[in-house]
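Next come the chains, spelled out residue by residue.
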Amino acid sequence: MRAARRRVLAGFLALALAGCAAAGGRAPSALPRPVRTVLPNGVVVIAQEHRASDVVAAQLWVRIGGRDESADELGLSHYLEHMLFKGTPTRPPGSIDRLLEGRGGTSNAFTSYDYTHYDVVVPASDLRVGLELLADIGVHASFPPDELESEKKVVFEEMNLVQDDPERFLRRRLTELAYEPHPYGRPILGTPALIRALTRPRLARYYAKHYVPRNMVLVVVGAVTPDEVLALARASFGGLGGAPDGRPTLAPPPALDRSRRADVQRPEKQAYLGLAWRAAAVSSTDVYAVDLLTYILGDSPSSRLNQELRERLRLVSAIEAGYIASQQAGIVTVTARLDGANLDRAEAAILDVVRRVRERGVTEAERQRALVTAESSYAFDIETAEGLARSYGQAETTWTLEDELAYLGRLRQITAAQIQDAARTYLGDAEYARVRFVPR
Amino acid sequence: MLLGACLAAAPAAAAGEVVRVTLPNGFTVLVRENPVAPVVAVSLMVRTGTRWERRETAGISNFLHAVMVKGTARHGGAELAEAIAALGGKLSATGDIDYSEIRASGLARFWRELLSLTAELALEPRLAPDEVGPERDWLLSRIQKRRDSAPARAFDELYTALYGPHPYALPVLGTRESLERLDHAALVAAYRAAYQPQRMILAVSGQVSAPEVLAEARRLFGGTPRGPGTPDPVLPAPAPAARRVPVQMPAQQTQILVAGLGPSLDDPDHAAVKVLSTVLGGGMAGRLFAELRDRRGLAYTATSYYDPVRGPAALVLYLGTAPENAVRAEAALREEVERIRREAVGPDELRRAKGYLLGRYAMDRRTNERQAWYLAFYEIEGVGQDYPERYRTAVEAVTADDVLRVARRYLAAPTTIVVGPR
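Remember, predicted model here, so these are calculated numbers, not experimental data. (Residues numbered from 1 in each chain as written. Chains lettered and ligands numbered in written order. Predicted model: local features only at pLDDT ≥ 70, side-chain atom pairs only at ≥ 80, totals over all residues. Heavy atoms only, no water.)

1. Some remarks on the overall build of chain A
Formally: Elements are defined by DSSP. Helices are runs of H or I of four residues or more, strands are runs of E of two residues or more, and each kind is numbered from the N terminus. With C-alpha atoms as the basis for the radius of gyration, the globule rule is written as 2.2 Å multiplied by the number of residues raised to the power 0.38. Burial here depends on accessible area, computed with a 1.4 Å probe over protein chains only, as a share of the maximum for the residue type. Under 20% is buried, over 50% is exposed, and the range in between is partly exposed.
Broken down by element type, chain A carries 15 helices and 11 strands. At 22 Å, chain A has a C-alpha radius of gyration in line with the 22 Å of a compact globule built from 440 residues. Principal-axis analysis of the C-alpha atoms gives chain A an extent of 60 × 50 × 40 Å. Evaluated residue by residue, chain A yields a buried proportion of 68% over its 440 residues.

2. Quick word on the pattern of salt bridges
When their charged atoms lie close together, side chains carrying opposite charge are able to pair. Short version of the rule: The salt bridge criterion pairs a side-chain nitrogen of Lys or Arg with a carboxyl oxygen of Asp or Glu, the two atoms within 4 Å.
Under the criterion given, the structure shown has 68 salt bridges over all chains. Among the salt bridges present, the one from E49(A) reaches R51(A), with a minimum N-O distance of 2.7 Å. R247(A) is the salt-bridge partner of D68(A), the closest N and O atoms lying 2.7 Å from each other. Taken as a pair, D68(A) in the loop between strand 3 (55-62) and helix 1 (76-84) and R247(A) in the loop between helix 8 (226-237) and strand 7 (261-266) lie far apart in primary sequence, 179 residues in all. Of the residues examined, D68(A) reaches a relative accessible area of 16% and is grouped as buried. Through salt bridges that share partners, K86(A), E147(A), E151(A), R293(B) and D294(B) make up one connected network.

3. With respect to the interface of chain A and chain B
The condition is simple: The contact rule is simple, with two residues in contact once any of their heavy atoms fall within 4.5 Å. By buried area we mean the combined loss of accessible area, with a 1.4 Å probe, across both parts when two parts are placed together. Gly is put with the polar residues, along with every residue not named as nonpolar or charged; the nonpolar set is Ala, Val, Leu, Ile, Met, Phe, Trp, Tyr, Cys and Pro, and the charged set is Asp, Glu, Lys and Arg.
Taken together, the 55 residues of chain A in the interface contact 60 residues of chain B. Among the residues of chain A in contact with chain B, E101(A), E157(A) and E383(A) are the three that bury the most area, contributing 14% of the side total. At the junction of chain A and chain B, the tally comes to 10 salt bridges. Residue E386(A) is joined to R366(B) by a salt bridge in which the shortest nitrogen-to-oxygen separation is 2.5 Å. Of all elements in the fold, only helix 2 (95-102), strand 4 (106-111), helix 4 (145-164), helix 10 (304-312), helix 12 (364-381) and helix 13 (385-398) of chain A reach the threshold of two or more residues within the side of chain A that touches chain B. Looking at the side of chain A that touches chain B element by element, the count peaks at 11 residues for helix 4 of chain A. When the residues that make up the side of chain A that touches chain B are grouped by side-chain class, the tally is 16 nonpolar, 18 polar and 21 charged.

4. So, the packing of helix 2 (residues 60-68) of chain B against helix 5 (residues 129-148) of chain B
Residues and elements named next belong to chain B. Stated precisely, the cut-off is as follows: In this analysis an axis means a line fitted to C-alpha atoms, helices contributing only their contacting stretch, and an angle means the value between N-to-C directions, from 0 to 180 degrees. Roughly parallel refers to an angle under 35 degrees, roughly antiparallel to one over 145, roughly perpendicular to one between 65 and 115, and oblique to any angle outside these ranges. Two helices that cross are described as forming a left-handed crossing if the nearer one is turned anticlockwise from the farther one by less than a right angle, and a right-handed crossing if clockwise.
Two elements in contact, helix 2 and helix 5, have axes whose closest approach is 9 Å; the angle formed by their N-to-C orientations is 120°. On the basis of the axis angle, helix 2 is oblique to helix 5. Relative to helix 5, the crossing made by helix 2 is right-handed. For the pair helix 2 and helix 5, contact is made by N62, F63, A66 and V67 and by E131, V132, E135, R136, W138 and L139, respectively.

5. Digging into the sheet that holds strand 2 (residues 44-49) of chain A
Hydrogen bonds between backbone atoms are what pair the strands of a sheet, whose relative direction is either parallel or antiparallel. Residue and element names in this part refer to chain A. Test applied: Any two strands are treated as partners once DSSP identifies two or more bridges connecting them.
Overall, mixed pairing links the 6 strands, which are arranged 1-2-6-3-5-4 in an open sheet. Unpaired on one side and paired on the other, strand 1 (35-38) and strand 4 mark the two borders of the sheet. Strand after strand, the sheet turns through a mean of 15° between neighbouring axes, direction not considered. Direction of pairing for strand 1 relative to strand 2: antiparallel, over a ladder of 4 bridges. Bridge pairing in strand 2 places V38 opposite V44. Contacts from helix 13 reach strand 1, strand 2, strand 3, strand 5 (116-123) and strand 6 (216-222) within the one sheet, and its direction differs from that of strand 3 by about 20°.

6. Re the layout of surface pockets
Residues and elements named next belong to chain B. Convention followed: Cavities and pockets were defined on a 1 Å grid built from protein atoms only: a cavity is a group of points that admits a 1.4 Å probe but offers it no way out, a pocket is an open group of points flanked by protein on both sides within 12 Å along at least five of seven lines, and a lining residue is one with an atom within 4 Å of any such point. Grid points are joined across faces, edges and corners, and a volume is the space filled by probe spheres set on the points. In this document the domain limits rely on a domain assignment from an automatic tool or a database.
For the second largest pocket, the calculated volume is near 550 Å³. Forming the walls of the second largest pocket are 26 residues, and the residues nearest its centre are R32, A362, R365, R366 and Q371. For the lining of the second largest pocket, the secondary-structure elements that each account for two or more residues are strand 2 (28-33), helix 13 (347-364) and helix 14 (368-380). Per-element tally for the lining of the second largest pocket: the top contributor is helix 14, with 4 residues. In terms of domain composition, the lining of the second largest pocket takes at least three residues from each of domain 1 (2-221) and domain 2 (244-420).

See below:
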């Protein structure tokens, strides 16, 4: 799951997909700035021309996710994500997939704690088709009863699938343990009992309450002009009605201490270790320093954790650090795959690496490498329309578009001393949650 | 002199066009200028991989490449990692089925440094004896990880059962037994046999100038003398098990794979089998997803694979499902195989499959990393750089009768693997 604004745990060896903007708050020369418009009913439209290919990415972002669910609503945001593409009064089950795929398009959807989004990529000439579809499923999803029932089995399967994948399951358990009982620590798929008992009226109520224009952000990036996008967006989204309840501010998450430790017996022969520290929320000015700190600690083969734990001490097979900056809280994680016999030594070695950063700081060369890595991540993101659209959608729902565009420029202002300060502020010797997967 | 003459003859590429030059020593260079983003991607492929391996050398190509990235004659492992990171770059090397590959990518303004590090890795790897043990341990941990993962395990079991004596049966990572036997000397010998200029292809895609990249590639790779050549192996014919193979392992899900041997990339039937695979398991309107997942809730994963290779390619239908649904899911999957061999697909379904297939193909070729890969891959497979256009035409020409014919031919006696709890 891509809950992070900047940094995601996309697998132990995969690099983070950073969504960030170009130097000095400007988009690079090849790209014009995105145009942001708020329709009278509250729908935010972000459009950017991107002529890398003849396709257009259209994404509907909704300001609703796992954190908005009450105890008896767990999993509803995610369930909606599964149900929206199933149909509307004018679109029978199966027809949406056939419509998009027959045109060479694709669709995807994703649920996080802060947002849910629905993505399509279609040939630019089919933009109208794509936007009409997103507007239709945004408020007219019909939840056919048969589909609603059979989809329960699919969600149970998804729960099984996550459990069978130790790396995904570790990230999930670690997030839950680091936040419980805060809303960011809830199970995003819900629980089997709640899903089994889910009724159509319950889901429809949740949908009607939250899927309203003021919670919606439409991002369109591709081989179209912002004027074309806006005209089509007004036609398809401008007429949607409904008012939001307003989103509650969450209480701060609990402090972490040595009580947050969980060992899980697993069938795998290898062990997995995950540590999570409380870190800055996306709204904090500390995000830039924490971002660079995380790069330096564990982003690449040259990072400190890799060089120390994998190359020098040979304690782990793989290790990575990540920063998940959500809207109202954040965590820095370190995850590793290793021999079960090395669990204690690896944890001590990770803490040593962190302690050295706290005590002696980072080098200017490390700071420079982290900056160029951030610049490079952005440059690779803008290769595709959907990559760029995703960074804008995430920024608009959890941060601001302006912050996003100023990101790289601000990152460059951060000094080595500020990176060290971030380590001192957030990465304590005992103030972390720990999950270990131990071979049976 | 020669260099100047060749340079003058090197055509300048219009955006999107591919420049292809073979140097006198047999080394091939492909460059695609792509102004979209300030990045560059490099793929250096060499003709070695599973195809050249035997049971006792399984995984040697991948093992070799794991040790290669640990340093060059000029840069130690940590230095190399730092040098790459300073370019905003990534560098990795792995074995594969029909080739092995060194991949590099980074910011376009560093293209020269990136190419230079790629050349160092290919031509002057340190191959230090003391790196062999730790990298073996690392690979053994990855083999264990695959054994612990039900989907990965299922695919490994499938290839074993589907290919029999053919080397495509072997896992790219190798086996615990083979890796424990392979030593430093074996890796050095494998390196010498593989890294000869006439077996290597360099593809570059990004915000670069093709003539400049060609000149630099010539400087870096042109001086290596042509090698003695390594004969292409004579491969035994695959012998599919054509039966059901159950495998027990603890897991929350059961994996069901039904597969047949399909045609190779350059076979006239390739496009029709691609369409067949897409009708069954391509996208969310594919039959497996629409019928088995959406309509009946019998699986979460419901898809198909038919990845191109030079030899016979596996056509795999794949379900991941709850153990209590496994029997019904397997029966339903078999019924889908029977149905596609019995009835021709309708026109709408055929149109959807072709649209999806070609749309995905176009989308997959948008990034520079994928572009560099495709350029090198089509060269290594010997199908020519006009392949994408020929493939598109061939897919468009596929009829419902073609799909029926290839379904009957290639799914006549499928091999089934079921991996899950008792």
